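Secondary and tertiary structure notes
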Amino acid sequence: MIELQEVGLHYGGPRSGGAAGDGRPAGGVDVLRGLSFAVPAGGFRWLLGPSGAGKTSLLRLLHAAVRPTQGRLSLLGADIGRASRRELPPLRRSIGMVFQDFRLLPHLSAFDNVALPLRIAGRPEGQIRADVGEMLRWVGLARKTAARPAELSGGEQQRVAIARAVITRPRLLLADEPTGNLDDAQAERLMVLLKEMNRLGTTMVVATHNAALVERHPGPALLLEHGRLLADG
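In what follows, the accompanying structure is described. (Residues numbered from 1 in each chain as written. Predicted model: local features only at pLDDT ≥ 70, side-chain atom pairs only at ≥ 80, totals over all residues. Heavy atoms only, no water.)

1. Quick look at the side chain of Q158
Checked against the element boundaries, Q158 lands in helix 5 (residues 154-166). The buried category is assigned to Q158, whose relative accessible area is 0%. At 3.2 Å, the side chain of Q158 forms a polar contact with the backbone oxygen of P178. The residues touching Q158, leaving out its near neighbours within four places in the chain, are V98, F99, F102, E177, P178, T179, G180, N181 and L182. (Helix = DSSP H or I, 4+ residues; strand = E, 2+ residues; numbered from the N terminus. Buried < 20%, exposed > 50% of the residue type's maximum accessible area, 1.4 Å probe, protein only. Polar contact = N/O pair within 3.5 Å; in protein donor to acceptor, adjacent residues only side chain to side chain. Contact = heavy atoms within 4.5 Å.)

Here it is, written out as structure tokens:
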């Protein structure tokens, strides 16, 4: 499902004078260096590490939002470094992403934000109404279906973003601090949903700073620090 071999990610252009002696662009910054690990289909990984460790950058790679500048990254059987631009959008539609900043469309209601991936996939409207209604009830927003993001609290926006990410039952789900704006009860409710999806076969990588949540729901973890992988297991 996920395989990295000596993957690096460099932000910023080269300095005048060309590339560095090791083949990497000079200038800019290496945010990820020498990452090698694999996650099998149906696997679960916590993604841990301090702020600035590179967790969000790694999730961007795993979402195929950026390509590695070093090494080889394979997602769902595709070599991301060699895939054409036309191959990437269909691949991303098999990957659910819960962003830390929600990324809801401000002019759409909660219902329509969650329904958007299903409409892009061409699902029948009757099925969309049933699936989205059920999902919004599950995350406790049955009475907020018509509300736009500006009318929702941060925790409510987070739950809409989570519902949108899981509504298509993606093969791979990536989550960047999905419980950051949720209270303990809501966080536990979310973990029940994620664990059930994982049990049914969805592969997951979940970044969090919530040590108590990891203690209550132990599982294999990827530990990053300064862009390097310190532990895998």
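2. Notes on the sheet that holds strand 8 (residues 203-207)
If you trace the 6 strands from one edge of the open sheet to the other, you get 6-7-8-3-9-10, paired in mixed fashion. Looking at which strands have only one partner, the edges of the open sheet turn out to be strand 6 (95-98) and strand 10 (228-232). Averaged over all neighbouring strand pairs, the angle between strand axes comes to 15°, with direction disregarded. Strand direction decides the pairing type here: strand 6 and strand 7 (residues 172-176), joined by 4 bridges, are parallel. Within the sheet, the bridge partner assigned to G96 lies in strand 7 and is L173. Contacts between helix 1 (residues 55-62) and the sheet are confined to strand 3 (44-48), strand 6, strand 7, strand 8 and strand 9 (221-225), with strand 7 contributing the most and set at about 155° to the helix. Relative to the sheet, helix 5 contacts strand 6 and strand 7, its axis offset from that of strand 6 by approximately 175°. (Pairing = 2+ DSSP bridges. Axes fitted to C-alpha atoms, helices over the stretch in contact; angles between N-to-C directions.)

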